[in-house]
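Structural overview for review
Residues per chain are reported as follows:
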Amino acid sequence: MKSNPESRFNLPIPDAESKAHSDRVSAYICQIIEKNGGSISFSEFMHHALYAPGMGYYAAGAAKLGRAGDFVTAPEISPLFGRVVARQIAFVLAQTGGGEVFEPGAGTGALAVSILEKLAELDVLPGRYLILEVSADLKERQEARIRSEVPQFLDRVHWISELPADFKGVVVANEVADAIPVDRFRIFDDEVWEARVSMERGKFVWQFAIAPEPLREFVRNIEIDIDRAFKNGYESEVSRGLGNWVTDICNAVQEGVVLLVDYGVSRREYYASERVQGWLRCHFRHHAHDNPLLWPGIQDITAWVDFSMVAKSASAAGMAVAGYVSQVHFLLNGGLEDELNGFTSLPLVEQIELAAQVKLLTLPAEMGENFKCIGLSRGDIMAPPALLASDRAHLL
Ligand SMILES: C[S@@+](CC[C@H](N)C(=O)[O-])C[C@H]1O[C@@H](n2cnc3c(N)ncnc32)[C@H](O)[C@@H]1O
């Protein structure tokens, strides 16, 4: 495959159709930049690149998730992930005396399918499985997948367009928090500057300006939290949208548990002095790299999650942290071994396939350590087993 000379990540070159799509998205963003006097904040750029109506990466029809797309998520890798999540849901619903499941950002519907199958096996299917999806394209794919793989549950799945009110049950969101647009900052002359996006000779480029007061204050508050001032040259991201998103979800929950799974770390690790270039991660055709300005509309742009921020926003909304564990511990504590009962009686080729899935989900160098699950609870609810052993909530 030809590689892209622009990139030290040896990225493949987009095909002509994808390139034409990205050119349209670029022209759209360029117009916004011009209207805005020559630059926009990075969070605005990320928002348009991912969600511009009918055009952004999530809004348009690119494959995105799965082998033909740009990245795979845990539920896409294996139904084992959703089956373990379903065990935690069953544990919570037994305490709340029933309730519903709510999944914001359901991707291709893979997680919904495996959760519904396992809940049916456990005989605790909820009356409703709610999905809130911002991408019209993915919403269609979710419905088609559920209709084809578990048609018997389709009438329980409801697509909603705003957060439910007075929700009781379990909210589960996998890899949604990382898709929320972030702002980027750099310290120059002991002052906070904002990384903005401008255009030069047909290419998006970074431009720096003194940070507006809300961003400056946000960054200065982080320094207070971590007891350290950032040094000149330090660059990172802040996700003000993440805090609002968590607060809104928590406010919607009257009783139950919220499970958020994503790649991320505690605030002290996020803003460690040696982490001088931040946490952006982009995905293009299964290549991960760190240049979010390349090919808007055809590559995924994400930022690792500051889980302390999640915990803080949740506690401000009156929810407690029920646990914070790495994905490997979430799966092992939560019943992965039981899910593998009968493994040795499977045909060899299935055993090999399952073993490969388990490795991807659990090995530290794969998803096991980088991904964490935080559980938030409201009401008199015991934490689900997956969150109990190796809890790192004290780090948040
Ligand atoms: C990386 S994908 C993860 C999909 C799926 N949860 C999985 O694990 O396979 C991110 C998903 O979140 C959706 N999304 C992003 N922001 C959202 C928001 N604010 N509310 C609901 N969905 C959102 C995207 O459209 C997409 O479905």
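As a starting point, this report considers the structure included with it. (Residues numbered from 1 in each chain as written. Predicted model: local features only at pLDDT ≥ 70, side-chain atom pairs only at ≥ 80, totals over all residues. Heavy atoms only, no water.)

What follows is about the packing of aromatic side chains. According to the stated counting rule, one finds 19 aromatic pairs in the structure shown. Ring centres 5.2 Å apart and planes at 85° place the aromatic pair Y57 and Y58 in the edge-to-face group. You can call Y57 buried: its relative accessible area is 0%. Here the aromatic residues F185, F230, Y234, Y263, Y270, Y271, W279, W304 and F371 are joined through ring pairs into a cluster of three or more. The positively charged end of R186 is found above the aromatic ring belonging to F208, 4.2 Å away from the centroid. Note that R281 overlies the ring of Y263, its terminal NZ or CZ placed 4.3 Å from the centroid. (Phe/Tyr/Trp six-rings, centres within 6.5 Å; stacked < 30°, edge-to-face > 60°. Buried < 20%, exposed > 50% of the residue type's maximum accessible area, 1.4 Å probe, protein only. Lys NZ or Arg CZ within 6 Å of the ring centre and 35° of its normal.)

The next subject is the site of the ligand. In the neighbourhood of the ligand, 18 residues make up the surrounding shell, with Y51, T73, G105, E133 and N174 lying closest. G105 places a main-chain nitrogen or oxygen 2.7 Å from a nitrogen atom of the ligand. At 2.7 Å from an oxygen atom of the ligand is found a side-chain nitrogen or oxygen belonging to N174. Bound to the protein, the ligand loses 94% of the 590 Å² it would expose on its own. Taken atom by atom, the bulk of the ligand overlaps the second largest pocket. Its residues assigned to classes, the shell around the ligand shows 11 nonpolar, 5 polar and 2 charged. (Near = heavy atom within 4 Å. Polar contact = N/O pair within 3.5 Å; in protein donor to acceptor, adjacent residues only side chain to side chain. Areas by Shrake-Rupley, 256 points an atom, 1.4 Å probe, with all protein chains shown as cover. 1 Å grid on protein atoms, 1.4 Å probe; cavity = no way out; pocket = protein on both sides within 12 Å on 5 of 7 lines; lining within 4 Å. Sits in = over half its atoms within 2 Å of the grid points. Nonpolar A, V, L, I, M, F, W, Y, C, P; charged D, E, K, R; others polar.)

Moving on, we come to the side chain of S78. Relative to the elements of secondary structure, S78 occurs in the loop between α3 (74-77) and α4 (79-96). At a separation of 3.0 Å, a polar atom in the side chain of S78 contacts the main-chain amide nitrogen of L80. Ignoring any residue separated from it by four or fewer positions in sequence, one finds S78 in contact with Q357 and L361. (Helix = DSSP H or I, 4+ residues; strand = E, 2+ residues; numbered from the N terminus. Contact = heavy atoms within 4.5 Å.)

For the rest of this paragraph, the subject is the sheet that holds strand β13 (residues 300-303). One open sheet holds the 3 strands; their spatial order is β12-β11-β13, and the pairing between them is antiparallel. For this open sheet the edge positions go to β12 (287-289) and β13, each flanked by a neighbour on one side alone. Averaged over all neighbouring strand pairs, the angle between strand axes comes to 25°, with direction disregarded. As judged from the 3 bridges shared by strand β11 (residues 280-284) and β12, these two strands associate in the antiparallel manner. Paired with F284 across the two strands is H287, which belongs to β12. Strands β11 and β13 of the sheet are contacted by helix α2 (residues 42-51), whose axis makes an angle of about 140° with β13. (Pairing = 2+ DSSP bridges. Axes fitted to C-alpha atoms, helices over the stretch in contact; angles between N-to-C directions.)

Moving on to the state of the cysteines. Per the counting criterion, the structure on display carries 0 disulfides. Take C30: it sits in no disulfide, and the sulfur closest to it among the cysteines is that of C282, at 20 Å. On the basis of relative accessible area, C282 is assigned to the buried category, the value being 0%. (Disulfide = S-S within 2.5 Å.)

Counted by the stated rule, this structure contains 27 salt bridges. Here R87 and D338 are joined by a salt bridge, their closest N and O atoms 3.8 Å apart. In this pair, R87 sits in helix α4 while D338 sits in helix α12 (residues 336-339), placing the two residues 251 residues apart along the sequence. According to the relative accessible area criterion, R87 is partly exposed, its value standing at 24%. Owing to a relative accessible area of 44%, D338 belongs among the partly exposed residues under this scheme. When the shortest N-O distance is used, the salt bridge between R141 and D137 registers 3.5 Å. Linking R141 with D137, this pair stays in helix α6 (residues 136-149), spanning 4 residues, or about one helical turn. (Salt bridge = Lys/Arg side-chain N within 4 Å of Asp/Glu carboxyl O.)

Across the 10 residues that make up α2, a large majority, 7, are buried. By the burial criterion, the buried members of α2 are F42, S43, F45, M46, H48, A49 and L50.

Let's shift gears to empty space enclosed by the protein. Under the criterion given, the structure shown has 1 cavity of 30 Å³ or more. Estimated volume of the largest cavity: approximately 60 Å³. Forming the walls of the largest cavity are F218, E237, V238, S239, L242, R267, Y270, Y271, W304, V305, D306 and M309. Among the secondary structure elements, those contributing two or more residues to the lining of the largest cavity are β9 (235-238), α9 (267-270) and β14 (305-306). By residue class, the composition of the lining of the largest cavity is 8 nonpolar, 1 polar and 3 charged. Mapping the lining of the largest cavity onto the domain boundaries places at least three of its residues in each of domain 1 (16-49 + 181-238 + 271-298) and domain 2 (74-179 + 243-267 + 305-395). (Points joined across faces, edges and corners; volume = space filled by probe spheres on them. Domains from an automatic or database assignment.)

One number sums up the size of the largest pocket: a volume of about 760 Å³. The wall of the largest pocket is formed by 33 residues, among which F204, N291, P292, L293 and L294 lie closest to the centre. Listing elements by their share of the lining of the largest pocket, those giving two or more residues are α1 (16-35), β6 (183-188), β8 (203-210) and β9. Its residues assigned to classes, the lining of the largest pocket shows 15 nonpolar, 7 polar and 11 charged. By volume, the second largest pocket amounts to about 660 Å³. Lining the second largest pocket are 36 residues, with Y51, G105, V134, V176 and A179 positioned closest to its centre. Of all the elements in the fold, those that place two or more residues in the lining of the second largest pocket are α2, α3, β2 (100-104), α5 (110-121), α8 (240-252) and β13. For the lining of the second largest pocket, the leading source of residues is α8, giving 5 residues.

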